[in-house]
Amino acid sequence: LAKAETFEKQEGNPFRDGSNTSASIGLDGKVGLTSDITLDFTINPDFGQVEADPSQLNIDGFQIFFQEQRPFFVENSNLFEFRLTEADAGGPFGIDNLFYSRRIGQRPRGSHDIADGSFSDSPNFTSILGAAKVSGKTKNGFSIGLLESITAEEHIKIQSANGQKSTKVAEPFTNYFVGRAAQDFNEGATVLSGTLTSVTRNLDGTGLEDQYHSDALSGGLSLLHTWKNREYQIRANLAFSNVKGTAARIEETQSSFEHYFQRPDADYIELDPTLTSLGGNAGTLTFANYWGKDNIGYQTGVTWRSTGFEIND
């Protein structure tokens, strides 16, 4: 891949001199391990032809979730899904998923203080050094999804007012893993599945120790059972999460928009600035009748999230 771009020159800015060129090389491959299971791998992938995301304005604290469009992550993506609450009525609980692939290769989030008069150039995305995925479903109703991905350490280029050049880490070297297995029984009338996700970051010496969790782990078990020609359905799942980091990082997680441990109306929780890990759990239990002889469908159930449940890595 070779790229050349031109743009308006910014006087005095060495990173905006009017043009930029780059070149890279990568590899994509697919191997049929069996007639049902496939291995996909990619090294330094190019997603330059993927359709751009539509512009969105975020006016509150809720995160914006974009649809995955990169071919490597789209294929067999249903095998990696573990939705916490599949409510037919919709609502904000219905979008929670233990695995959100768009976080892999996302825009670097690390920030540093830049001296006045200095110029800086930040990367627009995090390079995926390599990724591999094993996925498929056998004739016996067993489905599997394993995905491993490693992203590069990205740097901000800086040039001071006196011309001195330096770099600072914008995104740490990171390993992502997700695994999911499911087994169908009675021709799919009953499905038992489990999921595990992990994020591990190398933060040593990056200056980002207080901005990222060093480790993030989540997982869950799910049971779906249907009967009477799948007219009736019971669904149950349990999930957990655990994040680790410096006391400053975990304190920021507790006080973030998603948690608000410090809110005065909640006397059952208390922000603890000494914690270096935070754990939580979630679950759902539903019962539904899908359009039987009387043409009436309904669903009822309960879903919960503990205050420390954190799956945003």
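Residues numbered from 1 in each chain as written. Predicted model: local features only at pLDDT ≥ 70, side-chain atom pairs only at ≥ 80, totals over all residues. Heavy atoms only, no water.

A. Highlighting the overall build of the protein chain. Within the protein chain, the secondary structure is distributed over two helices and 15 strands. Seen through its principal axes, the protein chain has C-alpha atoms that stretch 80 × 55 × 35 Å. Residues classed as buried in the protein chain amount to 36% of the 313 residues present. Sequence separation of at least 24 residues holds for 59% of the intrachain contacts in the protein chain that already meet a minimum separation of 6. Total accessible area on the protein chain is roughly 18,300 Å²; 53% of this is exposed by carbon and sulfur atoms. Charge-centre separation for the protein chain: the mean point of 26 positive side chains lies 5 Å from the mean point of 41 negative side chains. (Helix = DSSP H or I, 4+ residues; strand = E, 2+ residues; numbered from the N terminus. Buried < 20%, exposed > 50% of the residue type's maximum accessible area, 1.4 Å probe, protein only. Contact = heavy atoms within 4.5 Å. Areas by Shrake-Rupley, 256 points an atom, 1.4 Å probe, with all protein chains shown as cover. Lys, Arg positive; Asp, Glu negative; His and termini not counted. Charge placed at Lys NZ, Arg CZ, Asp CG, Glu CD.)

B. Local environment of unusual backbone geometry. Positive phi outside glycine occurs at Asn-44, with the angle close to 50°. Examined against the element boundaries, Asn-44 turns out to sit in the loop between strand 4 (37-43) and helix 1 (71-74). What makes Asn-44 partly exposed here is its relative accessible area of 30%. In this structure, Asn-229 takes a positive phi of about 60° despite not being glycine. Here Asn-229 is to be found in the loop between strand 12 (215-227) and strand 13 (232-244).

C. Structural context of the layout of surface pockets. Reported here for the second largest pocket is a volume of approximately 1,400 Å³. Around the second largest pocket, the lining is made up of 46 residues, and of these Phe-65, Asp-96, Asn-97, Ile-311 and Asn-312 lie nearest the centre. Mapped onto the lining of the second largest pocket, the elements with two or more residues apiece are helix 1, strand 10 (173-185), strand 11 (190-202) and strand 12. A per-class count over the lining of the second largest pocket returns 23 nonpolar, 13 polar and ten charged. (1 Å grid on protein atoms, 1.4 Å probe; cavity = no way out; pocket = protein on both sides within 12 Å on 5 of 7 lines; lining within 4 Å. Points joined across faces, edges and corners; volume = space filled by probe spheres on them. Nonpolar A, V, L, I, M, F, W, Y, C, P; charged D, E, K, R; others polar.)

D. Summary view of the packing of aromatic side chains. What the rule picks out here adds up to nine aromatic pairs. With 5.1 Å between their ring centres and 90° between their planes, Phe-72 and Phe-73 make a pair best called edge-to-face. For the residue pair Phe-72 and Phe-73, the accessibility class agrees, reading buried in each case. Ring geometry for Phe-287 against Tyr-298: centres 6.3 Å apart, planes inclined by 45°, an arrangement best described as tilted. Here Phe-287 is found in strand 14 (residues 277-289), whereas its partner Tyr-298 is found in strand 15 (residues 298-305), with eleven residues between them in sequence. (Phe/Tyr/Trp six-rings, centres within 6.5 Å; stacked < 30°, edge-to-face > 60°.)

E. View of the environment of Glu-86. As for its placement among the helices and strands, Glu-86 is situated in the loop between helix 1 and strand 5 (119-121). You can call Glu-86 partly exposed: its relative accessible area is 37%. When sequence neighbours within four positions are dropped, the list of residues in contact with Glu-86 reads Arg-235 and Gln-299. Here Arg-235 takes part through its side chain, which lies 3.3 Å from a polar atom of the side chain of Glu-86. (Polar contact = N/O pair within 3.5 Å; in protein donor to acceptor, adjacent residues only side chain to side chain.)

F. Region of interest: the pairing of strand 6 (residues 128-137). Pairing of strand 4 with strand 6 involves seven bridges; the strand directions are antiparallel. Directly across from Ile-37, in strand 6, lies its bridge partner Gly-136. (Pairing = 2+ DSSP bridges.)

G. Region of interest: a nonpolar patch on the surface. Where nonpolar side chains cluster on the molecular surface, the patch consists of Trp-227, Ile-234, Leu-238, Leu-285, Val-302 and Trp-304 and spans about 550 Å² of accessible area. Structurally, Val-302 is set in strand 15. Relative accessible area serves as the criterion here: at 48%, Val-302 is assigned to the partly exposed category. (Patch = residues over 30% accessible without salt bridge, like charges linked within 9 Å, V, L, I, M, F, W, Y side chains within 5 Å. Salt bridge = Lys/Arg side-chain N within 4 Å of Asp/Glu carboxyl O.)

H. Quick look at the nonpolar core. One finds Phe-73, Phe-80, Ile-104 and Leu-147 to be the most contacted residues of the largest nonpolar core, which totals 19 residues. Where this core is concerned, the elements lending two or more residues are helix 1, strand 6 and strand 10. Phe-82, Ala-239, Ala-282 and Ile-311 belong to the second-largest nonpolar core, a separate cluster that totals seven residues. (Core = buried A, V, L, I, M, F, W, Y, C linked by side-chain atoms within 4.5 Å.)

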